[in-house]
Amino acid sequence: MRSQFKTITATVLALALGGDAATAQGDGGVEVLHWWTSGGEAAALNVLKEDLEKQGIGWTDMPVAGGGGEQAMTVLRARVTAGNAPTAVQGLGFDILDWANQGSLADLNAVAAEEGWDSVIPAALQKFARVDGKWVSAPVNVHSTNWVWANKAVLDANGIAVPTTWEEFTAALDKLKAAGVTPIAHGGQAWQEATVFDAVAMSVLGPNGYQAAFIDLDEAVLGGDRMKEAFDRMAVIRANVDDNFSGRDWNLATAMVINGTAGFQMMGDWAKGEFLNAGKVPGQDFLCFRFPGTTEQVIFNADQFMMFDQGGSVSAGQAALASAILSPSFQSAFNVVKGSVPARTDVSDEAFDDCGKKGMKDLAAAASSGNLFGSMAHGHAAPASVKNAIYDVVTAHFNGAYDSTTAVTELVDAVSIAR
Ligand code: GAL
């Protein structure tokens, strides 16, 4: 922990002092702060870099490793405090609203109007990209967290069909354990436990309960019997991970499923980017399915690029970046690689593999049937303070600090203090 802190501190200092940004902005280029550092993420980011380079827009890369973006947000705060905000920053949900409300973000209305963003970007995303009628960020994609990724050969070898209920899922876990395979590949980091909890809670609470607990912060649901059951299921999941899970990065957990040392991973569809980057084919090498009990629901998080106000109007580089991000051809090319689905409703699914096609279909169906919900784990359900309070309880319970009965009491208290 201490050395991780040192690394972050050193990175913060280096980035806060960094001089490259001025060069990038001076020549109409962009400095981009992001956390896309895994193999699959980097491959997707390259699609964007190359797109801009073709237009002659310089790119200064500011990667800050750490899935879910917590470390990147720490670096961002230091940069803004030092009066040296990057040009463009990857952001999620309520974080974007916070920066906009602090007056830090540039006005993208001119680009948005020219390209008709209002009519092609889904309402659920606009909620996190427009503040007081002003577009402040450019949505890149729509991810969702309630997926399970499986190694097909491992499932076949153990006579396991895709589980459709919690009972079938636990029966599959038992079979894998008996066969000496790690049932669930997991990385023990708070944001990963929260990502699993997104799906588990949805499966137990149902869509109304999920909304009540994580979006409306209803104490009766946060502290209710069904929430206790969700924690009980988390304990079952904890009993099915390997001994070395603690601190593991999410992409290393995905690698366990890719190489067949584990059967399943519960993770957002950025995991698909890792399978593709390893040359694996959906349906043949790996399977994607919704977490049992959440087949109708989509728990979403959308990556966006916030454009930080550089004093004055939007720079040429920022406008070019925003425009490139929302172009239909880029939306297809990028999301095919990233594992996500387009942030525009008018992009064809032709170039997408079966998991991508399913993702697009699921998203459209969920949006029209009232089954689309912002991800608690990825900052689309409640502001960061509440999100972090939930993280603390979920991760403490997962690591055995207390039982499920205590967890629900802690959850109610933590949320009430944080809100
Ligand atoms: C999420 C982000 C994804 C992803 C993941 C792991 O917060 O939305 O794009 O890559 O973190 O780094």
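Computed from a predicted model, the values in this text were never measured in an experiment.

**Some points on the sheet that holds strand S15 (residues 372-374)**
Taken in spatial order, the four strands make up an open sheet running S14-S7-S12-S15, and their pairing is mixed. Each edge of the sheet is formed by a strand with only one pairing partner; in this case those strands are strand S14 (341-342) and S15. With two bridges joining them, strand S7 (residues 141-144) and strand S12 (residues 298-301) adopt antiparallel strand pairing. Looking at S12, one finds that His-143 is bridged to Asn-301. The strands touched by helix H11 (residues 190-215) are S12 and S15; relative to S15, the strand with the most contacts, the crossing angle is about 80 degrees.

**Side note on the site of the ligand**
Of all residues adjacent to the ligand, which total 13 residues, the nearest are Glu-41, Asn-301, Asp-303, Lys-338 and His-378. One of the side-chain N or O atoms of His-143 is found 3.4 Å from an oxygen atom in the ligand. Contact with the protein chains covers 100% of the free accessible surface of the ligand, which is 300 Å². A class-by-class count of the residues in the shell around the ligand yields five nonpolar, five polar and three charged. Residue contributions to the shell around the ligand reach at least three from each of two domains, namely domain 1 (2-142 + 303-350) and domain 2 (144-299 + 372-418).

**Here we look at the domain arrangement of the chain**
Split into domains, the chain comes out as domain 1 (2-142 + 303-350) and domain 2 (144-299 + 372-418). Placing a centre on the C-alpha atoms of domain 1 and another on those of domain 2 gives a separation of 27 Å. Per-residue buried area on domain 1 facing domain 2 is highest for Glu-70, Phe-94 and Gly-339; these three make up 28% of the total on that side. The tally of links between domain 1 and domain 2 comes to zero salt bridges. Here domain 1 and domain 2 share five residue pairs in polar contact (both at pLDDT 80 or more) between them. No other element matches the four residues that helix H3 (residues 39-54) contributes to the side of domain 1 that touches domain 2.

**Some points on the state of the cysteines**
Overall, the coordinates contain one disulfide when judged by the stated rule. The disulfide bridge from Cys-288 ends at Cys-355, spanning 2.2 Å between sulfur atoms. Given an S-S torsion of about -105 degrees, the disulfide between Cys-288 and Cys-355 has left-handed geometry. Linking Cys-288 in strand S11 (residues 286-290) with Cys-355 in helix H18 (residues 354-369), this pair joins segments that are 67 residues apart in sequence. One exposure class covers both Cys-288 and Cys-355, and it is buried.

**Looking at the environment of Gly-224**
Examined against the element boundaries, Gly-224 turns out to sit in the loop between helix H12 (219-222) and helix H13 (225-238). Between the C-alpha atom of Gly-224 and that of Val-408, which follows or precedes it by 184 residues, the distance is 7.2 Å.

**Describing the nonpolar core**
Of all hydrophobic cores here, the largest spans 76 residues; its most connected members are Trp-149, Phe-197, Phe-214, Met-227, Phe-231, Phe-264 and Met-266. Setting aside its immediate chain neighbours within four residues, Phe-197 contacts Met-202, Phe-214, Met-227, Ala-230, Phe-231, Met-234, Met-376 and Val-394. Judged by nonpolar contacts, the second largest core, of 64 residues, contains Trp-36, Leu-105, Val-131 and Ala-366.

The rules we used
- Residues numbered from 1 in each chain as written.
- Predicted model: local features only at pLDDT ≥ 70, side-chain atom pairs only at ≥ 80, totals over all residues.
- Heavy atoms only, no water.
- Pairing = 2+ DSSP bridges.
- Helix = DSSP H or I, 4+ residues; strand = E, 2+ residues; numbered from the N terminus.
- Contact = heavy atoms within 4.5 Å.
- Axes fitted to C-alpha atoms, helices over the stretch in contact; angles between N-to-C directions.
- Near = heavy atom within 4 Å.
- Polar contact = N/O pair within 3.5 Å; in protein donor to acceptor, adjacent residues only side chain to side chain.
- Areas by Shrake-Rupley, 256 points an atom, 1.4 Å probe, with all protein chains shown as cover.
- Nonpolar A, V, L, I, M, F, W, Y, C, P; charged D, E, K, R; others polar.
- Domains from an automatic or database assignment.
- Buried area = accessible area lost by both parts, 1.4 Å probe.
- Salt bridge = Lys/Arg side-chain N within 4 Å of Asp/Glu carboxyl O.
- Disulfide = S-S within 2.5 Å.
- Buried < 20%, exposed > 50% of the residue type's maximum accessible area, 1.4 Å probe, protein only.
- Core = buried A, V, L, I, M, F, W, Y, C linked by side-chain atoms within 4.5 Å.

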